[in-house]
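# Breakdown of the fold
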Amino acid sequence: MNRPTGIDWRAVGVLYARETRLALRDRTIVVNSILIPVVLYPFLLWVTFTGITFVRGQTSDLTARIAAFGLEGGLGGHAALRKELETDPHVSFVTASSPAAGALDVRRGSLDAVLEVLPSGRAEAALQVRLTWARSKERSTAARERLTTFLDRVRERALKREGASRGMDGPAWTLFTLEVRNVATGREMGRFVLGLLLPLLFVVMVSMGCFYTAIDATAGERERSTWETLMTVAAPRSSIVVAKYLYVLSFGFLAGVLNLAAMALTMKSVTAPLLARFGAGLDFTVPTAGVLVLLAGALVLAAFLAAAMMLFAVFAKTFKEGQAMLTPFYMLATLPVGFLAVPGIELTTPLALVPVVNVSLVVREVIMGVFRWPQIAIAAVSSALVIAGSLRLVVRVLSAEEVVTGAFAGGLVAFLRKLLRGRSRPVSGKRAS
Amino acid sequence: MTAVTAAKLAPVAVRGLRKSFLDENRGEVRAVDGIDFDCAAGEIFGLLGANGAGKTTTLGILATVLRPDGGSASVMGHDVMREPDQVRRSLGFYSASTALYPRLTARETLEFFARIGGLERDRVRGRVNELIARFGISAYADTRVEALSQGMKQKVSIARTVVHDPPVLIFDEPTVGLDVLNALDMRKLIAELRSEGKCIVFSTHVMSEAEKLCDRIAIVHRGRIHATGTLGVLREATGLHYLEDIFVRYVETAGG
């Protein structure tokens, strides 16, 4: 195949329009690049809140089956505890022959907890309690929570009573009190929550926007047998590459922007009012300058992922093969971002040099209102260099005759190995007759 | 290439064309081994050969999909190596493996190929309507290609090959996979295009097709042309009447 000549922007426009029109008629692309980014947040929130409500409902309705020992009156006032516990409609007393037998029943699941008042040998009011439960069982965990809440209440009451009998008020009696104050505003808290959630989903969405379109633009053409048709049209090869690249890039960018818009809308109009009902007044507003940086981030991310994914997919002969070739890269690009969601990791200069990671960290910090301009600039420059390098390689790959004709057997790694060896001819695969 | 030289050349001129491939099992395979031919305007030049003879490789080089190892080829005076964009602008390429975009309608397909072929926007609609009428596509012009029958697709395919009105047309085994009636239609259309003055390079392994359609025939075997001429010339040279016999004679003489 002949080396690409100059870019004919008119041809790029015609080819781009055709790629886009075809994509908008493809169900897989529309679903993955447009629908999922739009509906993901409302859906995830619906699932989360429904799940929380369901679990809370289930847990609060559970009756804790407990076996109690030492509350029968042998230790004076402890019988009153049993009486008080009996008023809780979600507690039922079950008989067990001994604490050890009760513990066995807890492990089996026929009992949820064993409450055992141990003989303390100290003052009459002193109460030493052992609570036996099984962490591996949901019901047992719920019973433990119910009983510890009850016992904390009892202990607090006892402390107050004891302090009062000695003429001391609460704080003086307890000697040490801790008062915790959260000085973060609702807006700061909202940004913090967004900063943890958004970068991973953002990278995943942009990747998905590029994933299917990159395969469609390359392996898809081969599978439909339209590749050869395209190679013989009266347009410079460089224009074909540019049009395909812009097509993949714009769908990745679109997925990212739609995702951000859906996120903003959902957080502001659904999540914030819901959280306010639970007493958490979070504000999910992102600073105006942040919105512009986010859009630029989506563009840079899409530009890199489009070039990189085309580089992998161009060797595939079928859609399936394209998916297999792209999936490892997709995982490689998105998984580290998941680890970066851990609070405390900041956009340092070395991290600003790592593709994808740098953009996701910029996104996170910008949402949280932190703008490290030098690192942002480094991230932009390094991303631009990586994108330019990847695009150069895409053009180089697509100027290789064996790749264009589908005669090249292997993927990007095999191609690079061959390139380094300086061989210019196909070593295997079918040839024209 | 200068204008003077270009004017002297036929619309398609191939000189000493060579192309080899490296095959894992067979080593270096010479697919095209010094092929020469010209094709004039208003002529159908047929490359007749068995599968693997080198026809498709030759046409692939003319269409700038493949790069020759040696020799030269030009289309309308434009060298395939030095001016590939101009070459593609001057030709229409059709083969059984050049499919259409299934999610475009027939009309959208023609509009796309007209635009990419260099037709100005205001001329596109007229040209597309003209071809839709000429090829009898009207009834399904706004139907997506994926819903068309094989015969309908074939008509749209030929229409897209000629939509930018190129002076040179390349047909690589165009009747492969077509039933008898569709193949007949295809041959009629190609003959019509010849009468419009198009320079047509046509490859086939079907003897009757070459006999009926080609003005001159080149017998290709193992990457080389063993004889070129009208059917009459070939008959005279061999003393045989049927093209099949003539073909076998040349192949046997070539040691094949």
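For every chain, the first residue of its written sequence is number 1, and the numbers climb from 1 along that sequence. The naming scheme follows written order: chains are lettered A onward, ligands numbered 1 onward. Thresholds applied to this predicted model are a pLDDT of at least 70 for local features of residues and 80 or more for the giving and counting of side-chain atom pairs; totals over whole chains, interfaces and linings are not thresholded and use all residues. The side-chain numbers reported here are obtained from all heavy atoms of the structure, hydrogens and water having been left aside.

### Quick look at the domain arrangement of chain A
Throughout, the edges of the domains are those of an automatic or database domain assignment. Here chain A is partitioned into domain 1 (9-46 + 185-399) and domain 2 (64-174). One C-alpha centre belongs to domain 1 of chain A, the other to domain 2 of chain A, and the line joining them spans 55 Å.

### Some words on the packing of aromatic side chains
Residues and elements named next belong to chain A. The rule is short: rings of Phe, Tyr and Trp, with Trp giving its six-membered ring, pair when the centres are within 6.5 Å, and they are stacked under 30 degrees, edge-to-face over 60, tilted in between. Here the structure, examined in full by the defined rule, presents 13 aromatic pairs over all chains. Arranged with centres 5.4 Å apart and planes meeting at 70°, the rings of tyrosine 247 and phenylalanine 251 form a pair that is edge-to-face. Of this pair, tyrosine 247 and phenylalanine 251 both sit in helix H10 (residues 237-277), separated by four residues, roughly a single helical turn. Per residue, the accessibility class of tyrosine 247 equals that of phenylalanine 251, and both read buried. Each member of the aromatic cluster is reached from another via a ring pair, and the members are Phe211, Tyr212 and Tyr330. Geometrically, a charge over a ring is one whose NZ (Lys) or CZ (Arg) sits within 6 Å of the ring centre while staying within 35 degrees of the ring normal. A cation sits over an aromatic face here: arginine 144 above tryptophan 133, 4.7 Å from the ring centre. The ring of tryptophan 227 has arginine 222 lying over it, and the distance from NZ or CZ to the ring centre is 4.7 Å. To qualify as a helix, a DSSP run of H or I must reach at least 4 residues; to qualify as a strand, a run of E must reach at least 2; elements of each kind are numbered from the N terminus. We call a residue buried when its accessible area falls under 20% of the maximum for its residue type, exposed when it is over 50%, and partly exposed in between, using a 1.4 Å probe and counting protein chains only.

### Digging into empty space enclosed by the protein
Here a cavity denotes grid points, spaced 1 Å and computed from the protein atoms alone, that fit a 1.4 Å probe unable to get out, and a pocket denotes an open set having protein on both sides within 12 Å along at least 5 of 7 lines; residues with an atom within 4 Å of a point are the lining. Grid points are joined across faces, edges and corners, and a volume is the space filled by probe spheres set on the points. Within this structure, the stated rule accounts for nine cavities of 30 Å³ or more. Considering only enclosed or pocket space, the largest cavity measures out at about 100 Å³ in volume. For the largest cavity, the lining is made up of 15 residues, of which Thr232 and Val233 of chain A together with Phe113, Arg160 and His164 of chain B are closest to its centre. Here the element with the most residues in the lining of the largest cavity is strand E6 (residues 91-95) of chain B; it accounts for three residues.

### Remarks on helix H5 (residues 138-165) of chain A
All names here are of chain A. For a helix, the expected span equals 1.5 Å multiplied by the residue count minus one. Helix length check: H5 (28 residues) gives 41 Å between terminal C-alpha atoms against 40 Å at 1.5 Å per residue, within 8%. The set of residues buried in H5 consists of Ser140, Thr141, Ala142, Ala143, Leu147, Phe150, Leu151, Val154 and Gly163. Looking one or two residues beyond H5, the residue adopting positive phi is glycine 167, at roughly 75°.

### Observations regarding the packing of helix H11 (residues 288-313) of chain A against helix H15 (residues 373-398) of chain A
Residues and elements named next belong to chain A. Lines fitted to the C-alpha atoms define the axes, with helices restricted to the stretch that makes contact. Angles between their N-to-C directions range from 0 to 180 degrees. Relative to each other, H11 and H15 sit at 25°, their axes nearing to 9 Å. Judged by the angle between their axes, H11 and H15 are roughly parallel. Classified by chirality, the crossing of H15 by H11 is left-handed. In this structure, H11 uses Val293, Val300, Ala303, Phe304, Ala307, Met310 and Leu311 to contact H15, whose residues at the interface are Trp373, Ser383, Val386, Ile387, Ser390, Leu391, Leu393, Val394 and Val397. All residues other than Ala, Val, Leu, Ile, Met, Phe, Trp, Tyr, Cys, Pro, Asp, Glu, Lys and Arg, Gly among them, are scored as polar; the first ten of these are nonpolar and the last four charged. Tallied by class, the residues present in the contact of H11 with H15 amount to 14 nonpolar, two polar and no charged. To sort the angles, those under 35 degrees are grouped as roughly parallel, those over 145 as roughly antiparallel, those from 65 to 115 as roughly perpendicular, and the leftovers as oblique. Left-handed is the label given to a crossing in which the near helix is rotated counterclockwise from the far helix by less than a right angle, and right-handed is the label when the rotation is clockwise. We call two residues in contact whenever any of their non-hydrogen atoms come within 4.5 Å of each other.

### Some remarks on the sheet that holds strand E7 (residues 168-172) of chain B
Sheet strands line up and pair through hydrogen bonds in the backbone, either parallel or antiparallel. Residue and element names in this part refer to chain B. When DSSP finds two or more bridges between two strands, those strands count as paired. Taken in spatial order, the six strands make up an open sheet running E6-E7-E8-E3-E9-E10, and their pairing is mixed. Two strands close off the open sheet at either side, each with one partner strand: E6 and strand E10 (224-229). Each adjacent strand pair in this sheet contributes to an overall mean axis angle of 15°, direction not counted. Pairing geometry for strand E9 (residues 216-221) and E10, over five bridges, is antiparallel. Of the residues in E10, the one forming a bridge with alanine 218 is threonine 228. Its contacts with the sheet put helix H9 (residues 231-238) on E9 and E10, and the angle it makes with E10 is roughly 105°.

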